[in-house]
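# Topology and contacts: notes
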Amino acid sequence: MHKKFIPFLKSPVLNDSDESTLEMFEFESSDADHIKNGILLCRKSGNWFPVHNEVLELIRPELMYPDDRKKFYEKYKDKFAELGIKYEAESANSGGDSVKNQFEQRSHYDDFAVDKSHNYDDYAMQPFWQAMDRKVFGEWKTKIKDGNMILDVGCGNGRSAGRIYKENTFLAGIDISKKSVERAIESSKEKGNYRFQTFFIADADRIPFKDGTFDFAVTSGVLSQLPDAVKTSREIQKKLKKGGIHFGMENNRSVFRIFFDFLTNFTKSWKKNKKGLTPEINKKMLDSWFDKGDVEILSYTSVYLPPTYYNKMNPEEALSKIEKTDKTIQSFPFLKNNGGLIIFEIKKIKTP
Ligand SMILES: C[S@@+](CC[C@H](N)C(=O)[O-])C[C@H]1O[C@@H](n2cnc3c(N)ncnc32)[C@H](O)[C@@H]1O
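What you see is a predicted model, and the numbers here were worked out from it, not measured in a lab. (Residues numbered from 1 in each chain as written. Predicted model: local features only at pLDDT ≥ 70, side-chain atom pairs only at ≥ 80, totals over all residues.)

### Some remarks on the packing of helix α3 (residues 100-114) against helix α7 (residues 178-190)
The geometry of α3 relative to α7 is characterised by a closest axis approach of 7 Å and an angle of 40° between their N-to-C directions. One finds that α3 runs oblique with respect to α7. Here α3 contributes Tyr109, Asp110, Ala113 and Val114 to the contact with α7, which in turn contributes Lys178, Lys179, Ser180 and Arg183. Of the residues belonging to the contact of α3 with α7, the class tally is three nonpolar, one polar and four charged. (Axes fitted to C-alpha atoms, helices over the stretch in contact; angles between N-to-C directions. Helix = DSSP H or I, 4+ residues; strand = E, 2+ residues; numbered from the N terminus. Parallel < 35°, antiparallel > 145°, perpendicular 65-115°, else oblique. Contact = placed C-beta atoms within 7 Å. Nonpolar A, V, L, I, M, F, W, Y, C, P; charged D, E, K, R; others polar.)

### Quick word on the environment of Lys210
Mapped onto the elements, Lys210 comes out in the loop between β7 (197-201) and β8 (214-220). Between the alpha carbons of Lys210 and Thr169 there is a distance of 18 Å; along the sequence they are 41 residues apart. Each residue touching Lys210, except ones within four places of it in the same chain, is listed here: Phe8, Lys10 and Glu19.

### Regarding the pairing of strand β1 (residues 23-29)
For β1 and strand β2 (residues 35-41), the ladder comprises six bridges, and the chain directions are antiparallel. Note that in β2 the partner of Glu28 across the bridge is Asn37. (Pairing = 2+ DSSP bridges.)

### With respect to the sheet that holds β2
Picture the strands of a sheet paired through backbone hydrogen bonds; they go either parallel or antiparallel. The sheet built from four strands is open, its strands ordered β1-β2-β3-β4 with antiparallel pairing. Two strands in the sheet have a free side with no partner beyond their single neighbour: β1 and β4 (55-56). Strand direction decides the pairing type here: β2 and strand β3 (residues 48-52), joined by four bridges, are antiparallel. Paired with Ile39 across the bridge in β3 is Pro50.

### Examining the domain arrangement of the chain
Partitioning the chain into domains gives domain 1 (3-94) and domain 2 (118-348). Opposite the 18 residues of domain 1 that make contact, domain 2 presents 17 residues. Taken together, the residues of the side of domain 1 that touches domain 2 sort by class into 10 nonpolar, one polar and seven charged. (Domains from an automatic or database assignment.)

### Digging into the packing of helix α5 (residues 127-141) against helix α12 (residues 315-329)
Contact geometry of α5 with α12 gives a least axis separation of 8 Å together with a crossing angle of 65°. As for the relative orientation of α5 and α12, their crossing is right-handed in sense. On α12, the residues that touch Pro127, Phe128, Gln130, Ala131, Arg134 and Lys135 of α5 are Pro315, Ala318, Leu319 and Ile322. (Left-handed = near helix turned anticlockwise from the far one by under 90°.)

### Observations regarding the sheet that holds strand β10 (residues 295-302)
Across the sheet, which stays open at both edges, the seven strands sit in the order β7-β6-β5-β8-β9-β11-β10 with mixed pairing between neighbours. This sheet does not close on itself; its edge strands, each paired only once, are β7 and β10. Taken over all neighbouring pairs, the strand axes of this sheet differ in orientation by 15° on average, direction set aside. Pairing of β10 with strand β11 (residues 341-348) involves eight bridges; the strand directions are antiparallel. Across the sheet, residue Thr301 finds its bridge partner in β11, namely Ile342. The strands touched by α7 within the sheet are β6 (170-175) and β7, with β7 carrying the most contacts at an inclination of about 170°.

### Describing unusual backbone geometry
Here the phi dihedral of Asn168 falls at roughly 65°; this positive angle occurs in a residue that is not glycine. A tally of 10 C-beta atoms within 10 Å means that Asn168 is categorised as exposed. Of note in the backbone geometry, Val303 takes a positive phi value of approximately 75° without being a glycine. Inspection of the secondary structure puts Val303 in the loop between β10 and α11 (307-310). (Buried ≥ 20, exposed ≤ 12 C-beta atoms within 10 Å, placed from the backbone.)

### A few points about α5
A rise of 1.5 Å per residue sets the reference length of α5, with its 15 residues, at 21 Å; its end C-alpha atoms lie 20 Å apart and thus fit the reference within 8%. Buried residues of α5: Phe128, Ala131, Met132, Asp133, Val136 and Trp140, and no others. Summarising the contacts, the buried residues of α5 are in contact with α6 (159-164), β9 (240-251), α11, α12 and β11. (Expected span 1.5 Å × (residues − 1).)

Written out as structure tokens, the structure is:
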């Protein structure tokens, strides 16, 4: 856990408006910037949140990993005794239907992060996704400046963080899946980005950062997975500074969707999870999620042929073909908004 982010964190169990700071107790450090093992203590609620092998679990009790928590307590029993903290089993997994979606997502992406034969790293490295990531993240990156703070919601294995990386910017990635977070940490170390990035377990439904912390936020393929994409999109706006931008890429609600999905299903069947309530979105839906005057939304759609077609090429060829097809098709007004993906920017123009 990168120490730089600690003053911006807030407890996920307090009321939305309560911005009380969490206290850090470091048991072991990794280096001058990173905590390896320790706890964040919320004095007000009495809850503690472990940082275990660099992974912070800043999530409501019902969503915690209970066995890991217990092991962590046993390992640092003496430290807890010094702090006067007694072990109380959190009522894990007790959230019922309200957290059912989170558990489904978590188990799916935990599996997907470690399954060697069917791995999210391989999924993200398909030529089609390499081409789209290069195009889209390349456009977003031009807006990011030195010193900016970026929030990556649903960071997964660190793919989006790696693509948006710029030196001297600071990125915090959150995800519901521990195995994905561990992979994101590993990947950012491999790429040499870890001194500017941190990844931890948190729920996109209740983002544990103080309001107005970030210059930019990213959701890449995430809103489709959430129990309530509207709630999270509004929550993200709260975490942005005025003028901050939420960048997103999702499946577009296109008239060709059935055709795209039909063709995609013929190829290697990547692990399919249960999507949330908003598996596809379009510009009209985005507009309806916010009050007029609070945000400014820009969007375009891209990709008019199925990914399977582009996956037969190398990423450079795929990108060039995607751009050519986009240009041709977008000259027809009816087809313009019917690409397979929607790429959008939601700019915060008013602070409530
Ligand atoms: C399709 S993956 C996208 C990952 C990454 N953004 C990328 O571009 O590859 C969706 C991610 O959303 C995460 N996710 C699903 N529900 C979540 C929630 N409620 N809170 C935080 N992350 C969540 C999943 O664990 C998964 O890593």
